[in-house]
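# Notes for the structure review
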Amino acid sequence: MTTQEHETGRRAVKAVIPAAGLATRFLPATKAVPKELLPVVDRPVLQYIVEEAAAAGITDVLLVTGRGKTSMVDHFDRRPDVEARLEEKGDKERLAAVRRTSELADIYTCRQGEPLGLGHAVGVAASHVGDNAFAVLLGDEFVEQDRPLLPAMLDLQARTGGIVLAFIEVAPEETSRYGIASVKESEFGEDIVEVTGLVEKPSPAEAPSNLAVVGRYVLPAKIFEAINNTKPGSGGEIQLTDAMAQLLTEGTPVHGIVYRGHRYDTGMPLGYLQTVVEIAAKRPDFGAEFRQWLGEFVAGGAKG
Ligand code: G1P
């Protein structure tokens, strides 16, 4: 099958953010606060992700949530009481920052009643998404603001009509944490590969390469039918990787962009801490002061 036989032309404008997980790795911090709302300096992780989507031209964001996680939706709502207070105080900067969260995109929400896997979480978005291609952004990772991934992914998907993924190169011992792809050269240039196979969380011995799927996908709407036909896989969960592999077998073009920028992974405490430090160190307002303190702390007082 050629790419011409797949619906091409329109750039996706909707994004789905699966964020129903229990975040057991962060307990007890995440007993009452969703991990997506843990702060990275002065914004929650989820805001970086919605900002990334909005900057790429996404106008409609569906948050797939679970019990006890409604505060994620509140974060993107207006707060007239807080805004009035800031206005009274004349604090224009914070007022703009508070308002901005409600202006990034149209935010919608739906529930994933049971945690049955990433594929299942994406599947509950079917009626909201409808017939057009859409993006999926995982709720605990984001990329450098000035080296975005999504715009090129959305453009490529509009050309191929298929699936567009993003890859990073990982060390061989890390393959069992990711979806891993086998690939060949593509007609689209050096950093864009054509995917020939996908496997979820293979052992290093079984991994077909060291190219790992990161949490950004642009998918055609026919993924929903494939998800419906997907049986539980790795970890007993309905895997998005397996549904994508099914479409690949049926002839859907699948490409991946190899990302050379920095990916922030806040899904585990160590990665979260590294993210906070890196973002703080880059802040134009107090980054220089923070870096100086950090250097002194590490050189002198950072003993246990
Ligand atoms: C999910 C996907 C996996 C992907 C990873 C990226 O796994 O199933 O294919 O490589 O996200 O972060 P999870 O981290 O949810 O176990």
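All values reported here derive from a predicted model rather than from experimental measurement.

## Topic: a nonpolar patch on the surface
Together, W293, F297 and V298 give the surface a local cluster of nonpolar side chains, amounting to about 310 Å² of exposed area. With respect to the helices and strands, F297 occurs in helix α11 (residues 287-301).

## Let's talk about the packing of aromatic side chains
Enumeration according to the criterion identifies six aromatic pairs in this entry. Where Y48 meets F142, the ring centres are 4.7 Å apart and the plane angle is 15°; that geometry is what we call stacked. Taken together, the residues Y48 in helix α1 (residues 45-55) and F142 in strand β7 (residues 141-143) connect sequence positions 94 residues apart. Taking relative accessible area as the criterion, F142 reaches 3% and is therefore assigned buried. Ring centres of W293 and F297 lie 5.0 Å apart, and the angle between their planes is 15°; this geometry places the pair in the stacked category. Separated by four residues within a single helix, W293 and F297 lie in helix α11, roughly one turn from each other. Since its relative accessible area comes to 44%, W293 is described here as partly exposed. Classification of F297 by relative accessible area gives partly exposed; the value is 37%.

## Looking at the pairing of strand β1 (residues 14-18)
For β1, a buried count of four out of five residues is recorded, marking the element as mostly surrounded by other parts of the structure. Bridge count between β1 and strand β4 (residues 60-65): five bridges; the pairing is parallel. Bridging across to β4, V16 finds its partner in L62. Pairing of β1 with strand β6 (residues 134-137) involves two bridges; the strand directions are parallel. Bridging from a neighbouring strand, A15 pairs with A135 of β6.

## Some thoughts on the packing of helix α3 (residues 80-89) against helix α4 (residues 92-103)
Closest axis-to-axis distance for the α3/α4 pair is 9 Å, and the angle between their directions is 160°. Between α3 and α4, the interaxial angle falls into the category roughly antiparallel. Note on packing geometry: the crossing formed by α3 with α4 is left-handed. For the pair α3 and α4, the contacting residues are V82, E83, L86 and E87 in the first and R94, L95, V98 and R99 in the second.

## Some thoughts on the site of the ligand
Within the structure, the ligand sits among L118, L138, E141, Y178, G179, E200, K201, V213, Y217, Q239, T241 and R263. Within the backbone of G179, an N or O atom sits 2.9 Å from an oxygen atom of the ligand. The contact in question runs from an oxygen atom of the ligand to an N or O atom on the side chain of R263, over 3.4 Å. Residues of the shell around the ligand, tallied by class, amount to five nonpolar, three polar and four charged.

What counts, and where the lines are drawn
Residues numbered from 1 in each chain as written. Predicted model: local features only at pLDDT ≥ 70, side-chain atom pairs only at ≥ 80, totals over all residues. Heavy atoms only, no water. Patch = residues over 30% accessible without salt bridge, like charges linked within 9 Å, V, L, I, M, F, W, Y side chains within 5 Å. Areas by Shrake-Rupley, 256 points an atom, 1.4 Å probe, with all protein chains shown as cover. Salt bridge = Lys/Arg side-chain N within 4 Å of Asp/Glu carboxyl O. Helix = DSSP H or I, 4+ residues; strand = E, 2+ residues; numbered from the N terminus. Phe/Tyr/Trp six-rings, centres within 6.5 Å; stacked < 30°, edge-to-face > 60°. Buried < 20%, exposed > 50% of the residue type's maximum accessible area, 1.4 Å probe, protein only. Pairing = 2+ DSSP bridges. Axes fitted to C-alpha atoms, helices over the stretch in contact; angles between N-to-C directions. Parallel < 35°, antiparallel > 145°, perpendicular 65-115°, else oblique. Left-handed = near helix turned anticlockwise from the far one by under 90°. Contact = heavy atoms within 4.5 Å. Near = heavy atom within 4 Å. Polar contact = N/O pair within 3.5 Å; in protein donor to acceptor, adjacent residues only side chain to side chain. Nonpolar A, V, L, I, M, F, W, Y, C, P; charged D, E, K, R; others polar.

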